[in-house]
Amino acid sequence: MFQFPGILINKHILLAVSGGIAAYKSAELVRLLRKQGATVRVVMTRSAMQFVSPLTFQALSGNPVHSELLDANEENAMGHISLARWADALIIAPATANTLAKCSHGLADDLLSTLYLAATCPVYVAPSMNQAMWHKPVTQENIQKLKSHGVIVIGPGQGDQACGETGFGRMSEPLEICRQLMADPTAQCLNGLKVLISAGPTREPLDPVRYITNRSSGKMGYALADAAIKAGAKVTLVSGPVSLSAPVNADVVSVETAAQMHAAVMSKAAEHDIYIGAAAVADYSPALMENEKIKKQAEQTTLTLQKTRDILADVAQLPDRPFTVGFAAETHDLEQYALDKLARKNLDMIAANWVGRDQGGFDSDQNALQVFWKNGQKKLAMTDKNHLAEQLISLIAERMEHERHDKNTA
Ligand code: PMT
C-alpha cells in the first residue's frame with residue numbers, strides 16, 4: 001500500500017494536534033502510524049482538547065498526552081526539549097491558521113509552538129481551515145515562509161467544509177498524511193538529472209509599442225522548476241515575461257518572443273535529461289513587425305499572421321532527445337486533443353489542463369491535470385500549483401524509470 005513499507009518501524013512520531021474540527025481525523029492518523037510500526041506521542045493545544053478528548057489519543061497512542069508547557073510533572077517526566085529531541089518527525093495535524101502563523105513567526109507561547117521551535121527533526125504540517133482563511137494572503141505568506149524554512153506542507157485538500165462552504169482548506173486524509181510521512185525524504189527522485197523547463201507567455205510584437213500575448217502567468221512552470229529543484233535536479237528555466245521571482249538555484253534565461261524561446265530551448269535541450277514545455281507559446285506571430293507605430297486609419301484592418309516554430313515538436317525530433325513532456329491547454333475535447341498532441345509531436349508524456357474556466361489553468365493559483373503517456377494516464381486533482389507540480393515531477397520520474405526498465409528488458 002505504501003511507498004516505503006517498513007520505514008516507520010520503531011520511528012518516533014510526535015503528533016501535534018491544534019484546535020480544528022479535523023482533530024478527530026488525527027485519531028485515525030495515530031492508528032495508521034502505529035500500524036506501520038511507529039511509536040506515537042501526542043501533544044494537544046487547549047483548543048484541540050475542546051474538539052477531542054486527550055483520553056482518545058492516550059488510548060490510541062498508548063502514551064500519555066502532553067498539553068502544558070509549564071506543567072511541573074510533565075517537565076520532570078519529559079519536558080519540551082527532551083520531547084523535541086525524542087522525535088524523528090514532528091507532524092502538526094490539524095495545523096490551524098493560528099498555529100501556522102505562530103510557527104512561521106517563531107512565537108512560543110504554548111507547548112506545541114515551543115516544540116516546533118525546539119524541533120531539529122523534519123517537520124510536516126497538515127493545514128486545516130475555512131477556505132477563505134486558507135486563501136487570505138497572510139496565511140499564504142505564512143505557508144511560503146514555513147516552506148522556505150524546510151517545513152513539508154501536506155495538502156490541504158478541496159471539498160465540502162464543516163462550516164458549510166466548499167473549497168480548499170480540508171485537512172488531507174490520514175492515509176495521505178501517513179503516505180507522505182513514509183516517503184523517504186532523502187530519496188530525491190530526480191537526483192543528478194538536468195531539467196529544462198519553459199514557462200510563461202510569449203509576446204509577439206506588431207509594432208514598437210504593441211504585441212499579441214496570452215494570459216499565462218508562469219506560475220505552473222515556475223512551480224515545476226521549484227519542484228524539480230526540490231527533487232534533486234539542476235534546472236534551467238526559459239521564461240517568457242512574467243512578474244514572478246526567479247526560483248532560487250535555477251538558471252533562468254529570459255526571453256520575449258516565440259522565436260527567442262525556440263532558440264533558447266533548442267540551444268540547451270540536448271544537454272538536458274528532461275524537457276517540460278509549460279510555456280504558452282504563441283502559435284502565430286505577426287508576419288511583419290512595423291518599425292513605426294501603426295496609425296489608426298480604416299474602420300477595419302487585417303493582420304497577417306505567420307505560424308511559429310513548434311518548440312516542443314522540434315525538441316522531440318532531436319536525435320538524442322531529452323524525456324519530452326508537453327502541456328495541452330484546452331477549452332473542449334481535452335482528452336482527444338491531448339492524445340493527438342502526444343502522438344503527433346512524438347512526446348513521452350503530455351499534461352492536459354482545462355483553460356478558460358472558473359478554476360485552474362491560466363493565471364490561477366490552482367490547477368488540475370490529466371496526464372497521458374503511451375498506454376496510460378493519471379488524473380491529478382485540483383490543488384495549488386506547487387503541490388500539483390510536485391506530483392507531476394514524481395510522475396515524470398516514475399515514467400522515466402518505467403521506460404528505462406522497459407528498454408533494458410526489451
Ligand atoms: O502560466 P500559468 O498562468 O500558470 O498557466 C499555466 C498554463 C495553462 C499556461 C500551463 O499549464 C499550460 O497549459 N501550458 C501550455 C499552454 C499551451 O500553449 O498549450 P498548447 O496546447 O497550445 O500547446 C501544446 C504544447 O506545445 C505546450 O507544451 C506548448 O508549450 C507547446 N508549444 C506550442 C506552440 C509552439 N510554437 N511551441 C511549443 O512548444
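Here is what the cut-offs are and how they apply
Residues numbered from 1 in each chain as written. Predicted model: local features only at pLDDT ≥ 70, side-chain atom pairs only at ≥ 80, totals over all residues. Heavy atoms only, no water. Near = heavy atom within 4 Å. Polar contact = N/O pair within 3.5 Å; in protein donor to acceptor, adjacent residues only side chain to side chain. Areas by Shrake-Rupley, 256 points an atom, 1.4 Å probe, with all protein chains shown as cover. Helix = DSSP H or I, 4+ residues; strand = E, 2+ residues; numbered from the N terminus. Domains from an automatic or database assignment. Contact = heavy atoms within 4.5 Å. Buried area = accessible area lost by both parts, 1.4 Å probe. Nonpolar A, V, L, I, M, F, W, Y, C, P; charged D, E, K, R; others polar. Core = buried A, V, L, I, M, F, W, Y, C linked by side-chain atoms within 4.5 Å. Buried < 20%, exposed > 50% of the residue type's maximum accessible area, 1.4 Å probe, protein only. Salt bridge = Lys/Arg side-chain N within 4 Å of Asp/Glu carboxyl O. Patch = residues over 30% accessible without salt bridge, like charges linked within 9 Å, V, L, I, M, F, W, Y side chains within 5 Å. Pairing = 2+ DSSP bridges.

Caption draft 1: The site of the ligand, seen in detail. Residues in close proximity to the ligand total 30 residues, the closest being S216, S217, K341, N353 and D363. At 2.7 Å, a backbone N or O of G218 approaches an oxygen atom of the ligand. Taking K341, its side chain carries an N or O atom lying 2.5 Å from an oxygen atom of the ligand. Protein chains shield 95% of the accessible area of the ligand, which is 770 Å² for the free molecule. Of all the secondary structure elements, the ones that give two or more residues to the shell around the ligand are helix 11 (219-230), helix 13 (311-317) and strand 16 (323-330).

Caption draft 2: Looking closely at the domain arrangement of the chain. Per the domain assignment, the segments of the chain are domain 1 (12-181) and domain 2 (194-409). One C-alpha centre belongs to domain 1, the other to domain 2; they are set 37 Å apart. Across the contact, 7 residues belong to domain 1 and 7 residues belong to domain 2. For the pairing of domain 1 and domain 2, the buried interface totals around 560 Å² over both sides, and the portion due to carbon and sulfur atoms is 38%. A per-residue breakdown of the area domain 1 buries against domain 2 is headed by K147, Q158 and F168, which together make up 57% of the total. Our count for the contact surface shared by domain 1 and domain 2 stands at 0 residue pairs in polar contact (both at pLDDT 80 or more). Grouping the constituent residues of the side of domain 1 that touches domain 2 by class yields 2 nonpolar, 4 polar and 1 charged.

Caption draft 3: Structural view of unusual backbone geometry. Note that the residue after A93, namely P94, is joined by a cis bond; omega there is -5 degrees. Relative to the helices and strands, P94 resides in strand 3 (residues 89-95). In this chain, G155 is followed by P156 through a cis amide linkage whose omega measures 5 degrees. Relative to the helices and strands, P156 is located in the loop between strand 5 (152-153) and strand 6 (157-160). In the Ramachandran plot, N10 falls in the positive-phi region, its phi being about 65 degrees despite a non-glycine side chain. Tracing the chain through its elements places N10 in the segment before strand 1 (12-17). Even without glycine at this site, N346 takes up a positive phi of about 60 degrees. You can see N346 is positioned in the loop between helix 14 (334-344) and strand 17 (349-354).

Caption draft 4: The arrangement of the nonpolar core in detail. By size, the foremost hydrophobic cluster in this structure holds 37 residues, and its most contacted members are L224, I276 and L392. Going through the elements one at a time, strand 8 (194-199), helix 11, strand 11 (234-239), strand 13 (274-277), strand 16, strand 17, strand 18 (366-373) and helix 15 (385-409) are the ones with two or more residues in this core.

Caption draft 5: Seen up close, the pattern of salt bridges. Summed over the entire model, instances satisfying the criterion amount to 16 salt bridges. Residue R210 pairs with D207 through a salt bridge whose shortest N-O separation is 2.5 Å. With a shortest N-O distance of 3.0 Å, D348 and R321 are connected by a salt bridge. Pair noted here: D348 is in the loop between helix 14 and strand 17 and R321 is in the loop between helix 13 and strand 16, with a separation of 27 residues, a long-range link. Here the salt bridges do not stand alone but share partners, grouping K25, R170 and E173 into one network.

Caption draft 6: Highlighting a nonpolar patch on the surface. A cluster of nonpolar side chains, namely I21, Y24 and F51, defines an oily patch on the protein surface of about 330 Å² accessible area. Looking at where F51 falls in the secondary structure, it is placed in helix 2 (residues 48-51). Relative accessible area serves as the criterion here: at 43%, F51 is assigned to the partly exposed category.

Caption draft 7: Up close: the environment of A228. Along the chain, the position of A228 falls in helix 11. Taking the C-alpha atoms as reference points, A228 and L190, separated by 38 residues in sequence, lie 7.0 Å from one another.

Caption draft 8: Fine view of the pairing of strand 13. Residues of strand 13 alternate between two faces, with I274 and I276 on one and Y275 and G277 on the opposite face, all of them buried. Pairing between strand 8 and strand 13: 4 bridges, direction parallel. Across the sheet, the residue bridging to L196 is Y275, located in strand 13.

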